[in-house]
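# Reading the structure
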Amino acid sequence: MEYKQGAELYWDNLLRKLNCSMENIRLVQADFSMDPDYQAALQFANDEQRAQYAETCQICAYNQNLQYGLNQAVSRYITDHQNKVADAQNWEKKQNLEDDMKSIKKKISKRWWPPLSFIGLSIFIINFLIMLVFFIAYAVDAWCSPGYFCAGIFLLSTFFVIVSLALMFIYLPVYDIVYNAFLVIYSLVWFVIGCMDHADYFAKLDVLIYMVPLFIIPFLVFVSTFPFKFARRIKRDAMLEKYLDDMDWYDNACESIMNNYQDYMNGLFAEYSAKKSSPEAYLFLSQEAYDYRDYMQCEFAKSKQFFENKTPKG
């Protein structure tokens with residue numbers, strides 16, 4: 001009886017160390033085979049007690065090894081995940097989308113500074129004021145023939161018009177059409193003035209002064225502004241649409257990576273839970289699994305916010 005009670009005394013000490021009772025010790029994860037209280041309990045136990053204690057020790061050690069195996073499996077998967085080996089298809093898709101969006105960001109033409117259009121309009125006004133001053137000065141004291149005066153006015157005014165149009169590279173088709181239409185009308189007006197001032201207009205070299213700027217300059221301005229801006233706008237709109245599509249797919253790729261990670265962790269837990277010595281035995285996913293999940297969520301949120309903030313403006 002003394003030996004039996006002595007064994008129970010040491011066993012109770014062990015239970016207190018493990019913070020459990022005789023009813024739930026087999027659910028604990030622990031290897032106490034080398035614990036002095038366990039060794040003493042075996043020494044003083046009878047055959048029945050010794051068999052019970054040894055079996056309990058074996059089950060607790062199995063529980064511990066099972067938890068260790070789960071932790072190792074989690075660590076291996078996280079390492080593979082960090083190296084883009086696990087879930088490689090989604091990682092590759094995410095990387096390709098990032099590269100594509102960065103490439104679009106570099107290639108896409110930037111918007112012109114909005115105040116440029118107002119600067120262009122102000123140059124129009126300055127042009128008209130200068131022309132008005134010239135006409136008043138000419139009416140007071142004519143210093144050359146009307147034809148040459150008109151030709152000079154045309155050339156000077158054309159310079160202002162070109163500068164104005166160049167500054168008004170904005171992405172509004174109606175502005176493009178109005179500006180170029182104004183240039184054409186403006187040129188025709190000066191052509192009519194030239195014809196009125198010269199009865200033998202086409203018989204003189206003055207045709208070079210009028211005809212060359214009249215047709216070449218407006219043509220060059222038109223070709224360099226409206227078609228170019230229109231094509232540029234179409235290309236830009238297509239690239240903007242591609243960027244936004246990439247953003248949608250990028251969000252899906254990040255979500256797929258998170259879902260696959262969660263599914264794999266749940267699968268691991270289910271796999272190891274099926275090996276438990278008892279359905280009630282303690283088993284849990286390590287904190288590493290949750291920390292890595294939270295880390296990914298934070299990083300994905302940052303990267304998505306970055307690309308959203310860097311979205312080119314329409």
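Description of the structure in this document. Quick caveat, the model's predicted, so the values are computed rather than measured. (Residues numbered from 1 in each chain as written. Predicted model: local features only at pLDDT ≥ 70, side-chain atom pairs only at ≥ 80, totals over all residues. Heavy atoms only, no water.)

Quick look at the overall build of the protein chain now. For the protein chain, the count of helices and strands is 9 helices and 0 strands. Mapped in sequence order, the helices and strands of the protein chain form the string α-α-α-α-α-α-α-α-α. For the protein chain, with 314 residues in total, the buried portion stands at 38%. Surface summary for the protein chain: the accessible area is close to 18,500 Å², and the carbon and sulfur share equals 63%. (Helix = DSSP H or I, 4+ residues; strand = E, 2+ residues; numbered from the N terminus. Buried < 20%, exposed > 50% of the residue type's maximum accessible area, 1.4 Å probe, protein only. Areas by Shrake-Rupley, 256 points an atom, 1.4 Å probe, with all protein chains shown as cover.)

Judged by nonpolar contacts, the single largest core of 32 residues is most densely connected at Val74, Tyr261, Met265 and Met296. Mapped by element, the contributors of at least two residues to this core are α3 (47-82), α4 (88-107), α8 (206-273) and α9 (287-309). Among the elements that make up this core, the one with the highest residue count is α8 (13 residues). Non-local contacts of tyrosine 261, meaning those with residues more than four positions away in its chain, are made with Tyr77, Ile78, His81, Glu288, Ala289, Tyr292, Arg293 and Met296. Judged by nonpolar contacts, the second largest core, of 16 residues, contains Ile25, Tyr38, Leu42 and Tyr53. (Core = buried A, V, L, I, M, F, W, Y, C linked by side-chain atoms within 4.5 Å. Contact = heavy atoms within 4.5 Å.)

Pairing between side chains of opposite charge can happen when the charged atoms of each approach one another. Throughout the structure, instances matching the rule amount to 11 salt bridges. A salt bridge links aspartate 35 to lysine 17; its shortest N-O distance comes to 3.3 Å. Residue aspartate 35 is found in the loop between α1 (2-18) and α2 (36-44), and its partner lysine 17 is found in helix α1; the two are separated by 18 residues along the sequence. The salt bridge partner of lysine 304 is aspartate 251, with a shortest N-O separation of 3.0 Å. A residue pair is termed long-range when its members are at least 10 positions apart, and lysine 304 in helix α9 and aspartate 251 in helix α8 qualify at 53 residues. Aspartate 251 gets classed as partly exposed once you look at its relative accessible area, which sits at 31%. Because the salt bridges share partners, they merge into one network encompassing Lys17, Asp35 and Asp37. (Salt bridge = Lys/Arg side-chain N within 4 Å of Asp/Glu carboxyl O.)

Looking now at the packing of aromatic side chains. What the rule picks out here adds up to 12 aromatic pairs. Between tyrosine 250 and phenylalanine 307 the ring centres are 5.4 Å apart and the planes differ by 70 degrees, which places this aromatic pair in the edge-to-face class. Placement of tyrosine 250 in helix α8 and of phenylalanine 307 in helix α9 is noted, with a sequence separation of 57 residues between them. For the pair tyrosine 250 and phenylalanine 307, a shared accessibility class is recorded, and that class is buried. Pairwise contacts between aromatic rings join Tyr77, Tyr261, Tyr264, Tyr292 and Tyr295 into one cluster. (Phe/Tyr/Trp six-rings, centres within 6.5 Å; stacked < 30°, edge-to-face > 60°.)

Let us now look at a nonpolar patch on the surface. Among the surface-exposed residues, Val133, Phe134 and Leu156 lie close enough to one another that they form a single nonpolar patch of about 230 Å² accessible area. Judged by relative accessible area, which is 33%, phenylalanine 134 ranks as partly exposed. (Patch = residues over 30% accessible without salt bridge, like charges linked within 9 Å, V, L, I, M, F, W, Y side chains within 5 Å.)

Turning to unusual backbone geometry, a few remarks are in order. Phi is positive for asparagine 19, which is not a glycine, with a value near 55 degrees. Structurally, asparagine 19 is set in the loop between α1 and α2. One non-glycine residue, aspartate 87, lies in the positive phi region at around 55 degrees. You can see aspartate 87 is positioned in the loop between α3 and α4. A relative accessible area of 17% means that aspartate 87 is categorised as buried.

We now examine a negative patch on the surface. A grouping of Asp237, Glu241, Asp245 and Asp248 is seen on the molecular surface, where their side chains present a negatively charged patch. Topologically, glutamate 241 is positioned in helix α8. Accessibility expressed as a relative area gives 51% for glutamate 241, which makes it exposed. (Lys, Arg positive; Asp, Glu negative; His and termini not counted. Charge placed at Lys NZ, Arg CZ, Asp CG, Glu CD.)

Turning our eyes to something else, we now look at the packing of α4 against α9. Relative placement of two packed helices is described by the angle separating their axes and the distance separating the axes. Taken N-terminus to C-terminus, the directions of α4 and α9 make an angle of 25 degrees; their axes are 12 Å apart at the nearest point. It follows from the interaxial angle that α4 and α9 lie roughly parallel. Considering how the two elements wind past one another, α4 and α9 form a crossing that is left-handed. Touching Trp91, Lys94, Glu98, Met101 and Lys102 of α4 are Tyr292, Met296, Phe300 and Phe307, all from α9. A breakdown of the residues in the contact of α4 with α9 according to their chemical character gives 6 nonpolar, no polar and 3 charged. (Axes fitted to C-alpha atoms, helices over the stretch in contact; angles between N-to-C directions. Parallel < 35°, antiparallel > 145°, perpendicular 65-115°, else oblique. Left-handed = near helix turned anticlockwise from the far one by under 90°. Nonpolar A, V, L, I, M, F, W, Y, C, P; charged D, E, K, R; others polar.)

Worth remembering: the numbers are spatial, not functional.
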